[in-house]
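# Structural characterization, general
Residue-level listing of the chains:
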Amino acid sequence: MDLSFLTVQVLSALRQAAFLFLISSGLTLIFGVLNILNFAHGALYMLGAYFMYWITLYIVGTGGFLLALVLAPLGVALIAAVIETGLLRRIYMQEEIYQLLLTYALVLIIDDLAKIVFGPEFKSIPKPDVLSGSVTLFGGTVPVYTLLVVILAPAVALLLWYLLHRTKTGKVVRATSSDREMADALGINMSALFTLVFAFGAILAGLGGALAGPARTVFPGVGTEVIIESFVVVVIGGLGNLWGALIGSILIGSLETVGIIVFPEFEMSLIYLLMVAVLVVRPWGLFGRPLKVKALSEKNLAMEAQEISPVHFSVHPAVRWAPLLLLLLVPLVTGRFYQYLLSQIFIASLMAVAFNLLLGTTGLLSFGQAAFFGVGAYTVGLLATKAGFGTLPALFLSPVTAAAAAAVIGFFCVRLSGVHFAMLTLAFGQLIFTVAYKWYGFTGGDNGIQGIPVKPISIGGLAGIDIGSNQAMYYFVLLVVGLSVGLIRRIRSSPFGATLKAIRENGQRASYLGVNVKLYQWTVFVIAGAFTGLAGGLYALMEKAISPEIIHWTKSAEPVFMTIIGGIYTFVGPAVGAVVYIVLNSYLVAWTEKWALVLGLVLLTLVLLLPGGVVGFVNEKARQILGKSGCIRRWSFSKSAK
Amino acid sequence: MAFLDLNSVNTYYGRSHILFDVSLSIEKGEVVSLLGRNGAGKSTTFRSIIGLNPPQSGEVVFKGERISGMRAFRICRKGIGFVPEDRRCFPDLTVLENLEVAIRREKEVASPWTVERIYALFPRLQEREKNLGSQLSGGEQQMLTIARTLMTNPEVLLLDEPSEGLAPLVVALLAEMILKIRKEGVTVLLAEQNLHFCAKVSDRGYVIDKGSVKYEGPMSDLLINEEVKEKYLAV
Ligand SMILES: Nc1ncnc2c1ncn2[C@@H]1O[C@H](COP(=O)(O)OP(=O)(O)OP(=O)(O)O)[C@@H](O)[C@H]1O
Ligand SMILES: [Mg+2]
């Protein structure tokens, strides 16, 4: 290895680290003060790049490159200030997940708006001549632009240090990030500070985008890749810690550079592997500290009231069985489109209901459920195509392998809570995704597996039942999902389920009562993983083809959406959410290209207006109406049937 | 109308009703004690006044203006300083920075607190000026939280169990400080379980139990009222 090669590689690592630092420093600053893990930070980065493109093209020209580098981030800050004051501010008092979802909805909206305004194609931003050349450094050829980036990022780091430690506002920011309530009682205007910090974080993201734009390319959705990388950086460094973000950026930047040279196939896997390794050794990141559990008084009291309110009423058995009967009759009168649509809904419902066993029942936000879905699907796919397994044996093994994966992943994840738990599940999920995506020899890589055979089912030597047709598949999926959902319902209302709810309400108190909280959380994680794997297995049989996209983290976001749409604190909520989501998705895709925009707006509206979800809302209304009309006594209300 | 009035305040944590029609009335320049056992509702009363747990009904009136319903930072800027019970100085900030972030209302008062005056009152803090909040001893942290709140130039100081967990010598020192602070013209409301500490510094006291006021009167009367002491205070 000679010096010129080393110089080039080191500078390339530093350049990568510089971009990562610009983005993740804003992310971590926002988390430190507002306690929000801002999914939209990647979208702000993208806006920075687009603004840079637009400003250099139409306003200042390439000659005004440096001016544009200042203006673009300011534009992003303006948009961020509007987002903070108009939207985020309304939900600070609610649980973390609503803030996470709101920022995620913003990602969908901003990405699609960017597509409308700037067009779907890749854009490259021209650099001025001074910055386009390259220089020779220790015998290696280094682009001038790389030098600019590598010098600018540390300058920003120094500036940040100065602002945080030497100015009054900076000190106030640090004070607030360690004790928000105390800062409030000392006369610090939290609202103004939040807007300021959010906008400032956005400047950093915008600067990252504006600076990266000319070096990389810009396209709608570019933020989605960037944001996950920055999550990894800030989680490794310790959420809310600026030095953590700096060290994390350098680590990841170097690892990516080394990875590309040494293991070009598994470069991305290395990153997630590092994150997993760090969190296993230091659950709160290199420089992080355990997050304080929110005091009850800090939580939204309205939300809590909703949780406690008796939202469940038992309906007449006839009413309960009628939908099932209807579902049995549907395929006799409808065509293949509806049979397929409904089968999709069943599978999504199973995934969502299993997910809500974690979120709604136990209070664990998993952002890696797609991994178990994928493990189940690949189990069926591989066994059926490569090992010649029959349909039922292969399907039977899908929850088993998924449970095994969940057992290993859960072992590490349940040691964490809140956002850290979500991030570690996400990292594990992405680890599995990158492996499935690149391991051509085993998983077929990005081609996936095609032509999964669905052999006729033979039970006890009876003549085989062919489920290859759409209609037969419909009944098969309905049967398996119906039985699974029934089983999950049983689990939820069992004493085991009651303990899970106690853990969600107050984990500490539960542990004082002698409950092994971690063991319960691990067990439910494995159970949810198994059912998710089964849903994946069914998916593989129904689609007869799978690709690694089903393991990507955006797939993990789906059950989260469905649950929020339907209602966290009800059993059927996630299933209703699945209906809404799948129907919306398939019709919107047919009807408009802007389905992400519409979905984002729907989510935004739900988070802001119906935090209890559709089912929560209907229940509340039903209760009011029934209560008023005097029917209420005839209905049996059970307290807290979540 | 008194300087600070609580009129039939009712406060909840979620669904649990904690304060029941609490009424207090504090005159300018007084040191008033709020006595009660663990869980009696002292801290909740303070949190209701400062706006961290706003009352559901009833009102808090300060200098003739209704402050209940305002946000905590506004109430602080009106001139009410809150020193919480669990010594929450900012652990990542130095002693000096802890004081700096709290500077408020310098123009509203005749002789605002400065870092120098604070150091004169708490010499120990000056010695530890460059240390982080997390590096201080319990007594030093208590002084820092009081000093920090003084930097907001309050007219009323809410002190929540300042003597808790401090060595007797430090407690005696604390009593001295409170008297000095009062001399500066600051009205003090003191939540305590330690009756004798209260007797040293305050003129009047309220006894609170299970969220409602059970007794009110001069400290000298309370000291000899065996019935109240037995029933509501752990002495
Ligand atoms: N965050 C909270 N959520 C629910 N209940 C609470 C909360 N904080 C306090 N309580 C309850 O409110 C009641 C009054 O508590 P408070 O802290 O005001 O008492 P206190 O007089 O300050 O006690 P101590 O001397 O222990 O500080 C207690 O019964 C307590 O259990
Ligand atoms: Mg208390």
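Since the structure is predicted, the reported quantities are computational estimates derived from the model, not experimental observations.

Residues and elements named next belong to chain A. Where nonpolar side chains cluster on the molecular surface, the patch consists of F5, V258, I260, I261, V262 and F263 and spans about 540 Å² of accessible area. With four residues, the top contributor of residues to the nonpolar patch is helix α11 (residues 242–262). In this structure, V258 sits in helix α11. Judged by relative accessible area, which is 46%, V258 ranks as partly exposed.

Further remarks concern the pattern of salt bridges. All names here are of chain B. Tallying each qualifying case throughout the model produces 26 salt bridges over all chains. We note a salt bridge from E216 to R204, for which the minimum N-O separation is 3.4 Å. Remark: R204 occurs in strand β9 (residues 204–209) and E216 occurs in strand β10 (residues 212–218); sequence separation between them is twelve residues. What makes R204 buried here is its relative accessible area of 17%.

Our next topic: the site of ligand 1. Close contacts around ligand 1 come from 14 residues, with B:G39, B:S43, B:T44, B:E85 and B:E161 the closest. Nearby residues place ligand 1 at the junction of chains A and B. One of the backbone N or O atoms of B:G39 is found 2.7 Å from an oxygen atom in ligand 1. In the environment of ligand 1, an oxygen atom lies 2.4 Å from a nitrogen or oxygen atom belonging to the side chain of B:T44.

Attention now goes to the environment of A:V107. Residue and element names in this part refer to chain A. Along the chain, V107 turns up in helix α4 (residues 96–118). With 477 residues separating them along the chain, V107 and L584 place their C-alpha atoms 18 Å apart. Excluding residues within four positions of it along the chain, V107 makes contact with F39, A40 and A43.

Residues and elements named next belong to chain B. Protein-derived coordination of the magnesium ion (ligand 2) comes from S43 (OG) and E85 (OE), at a distance range of 1.9 to 2.4 Å. Here S43 is found in helix α1 (residues 42–50), whereas its partner E85 is found in the loop between β6 (80–83) and α3 (95–100), with 42 residues between them in sequence. Using a relative accessible area of 16% as the deciding quantity, one classes S43 as buried. For E85, a relative accessible area of 30% puts it in the partly exposed group.

Residues and elements named next belong to chain B. The backbone phi angle of D21 is positive, close to 45°, even though this residue is not glycine. On the basis of relative accessible area, D21 is assigned to the partly exposed category, the value being 49%. Positive phi is not limited to glycine here, since E161 has a value of about 40°. In this structure, E161 sits in the loop between β7 (156–160) and α7 (168–183).

Attention shifts here to the nonpolar core. Within the largest apolar cluster, 278 residues are counted, with the highest numbers of intra-cluster contacts made by A:F367, B:I80 and B:F122. The leading source of residues in this core is helix α15 (residues 336–362) of chain A, at 15 residues. Each of domain 1 (3–227) and domain 2 (315–561) of chain A gives at least three residues to this core. Among residues more than four places away in sequence, those in contact with B:I80 are B:L4, B:I49, B:I50, B:F62, B:I67, B:I75, B:P154, B:V156 and B:L158.

The subject of this paragraph is the domain arrangement of chain A. Interfaces are frequently sized by the accessible area removed from exposure as the parts join. Residues and elements named next belong to chain A. Each assigned domain of chain A is listed with its residue range as follows: domain 1 (3–227) and domain 2 (315–561). Domain 1 and domain 2 are separated by 37 Å when their C-alpha centres are compared. Taken together, the contacts link eleven residues of domain 1 with eleven residues of domain 2. Counting each side, the surface lost to burial between domain 1 and domain 2 is near 950 Å², with a carbon and sulfur contribution of 90%. On inspection of domain 1 and its partner domain 2, the count reaches zero salt bridges. At the boundary of domain 1 with domain 2, the tally comes to zero residue pairs in polar contact (both at pLDDT 80 or more).

Conventions adopted
Residues numbered from 1 in each chain as written. Chains lettered and ligands numbered in written order. Predicted model: local features only at pLDDT ≥ 70, side-chain atom pairs only at ≥ 80, totals over all residues. Heavy atoms only, no water. Patch = residues over 30% accessible without salt bridge, like charges linked within 9 Å, V, L, I, M, F, W, Y side chains within 5 Å. Areas by Shrake-Rupley, 256 points an atom, 1.4 Å probe, with all protein chains shown as cover. Salt bridge = Lys/Arg side-chain N within 4 Å of Asp/Glu carboxyl O. Helix = DSSP H or I, 4+ residues; strand = E, 2+ residues; numbered from the N terminus. Buried < 20%, exposed > 50% of the residue type's maximum accessible area, 1.4 Å probe, protein only. Near = heavy atom within 4 Å. Polar contact = N/O pair within 3.5 Å; in protein donor to acceptor, adjacent residues only side chain to side chain. Contact = heavy atoms within 4.5 Å. Donors = N, O, S within 2.8 Å, 3.2 Å for Na, K, Ca; no water. Core = buried A, V, L, I, M, F, W, Y, C linked by side-chain atoms within 4.5 Å. Domains from an automatic or database assignment. Buried area = accessible area lost by both parts, 1.4 Å probe.

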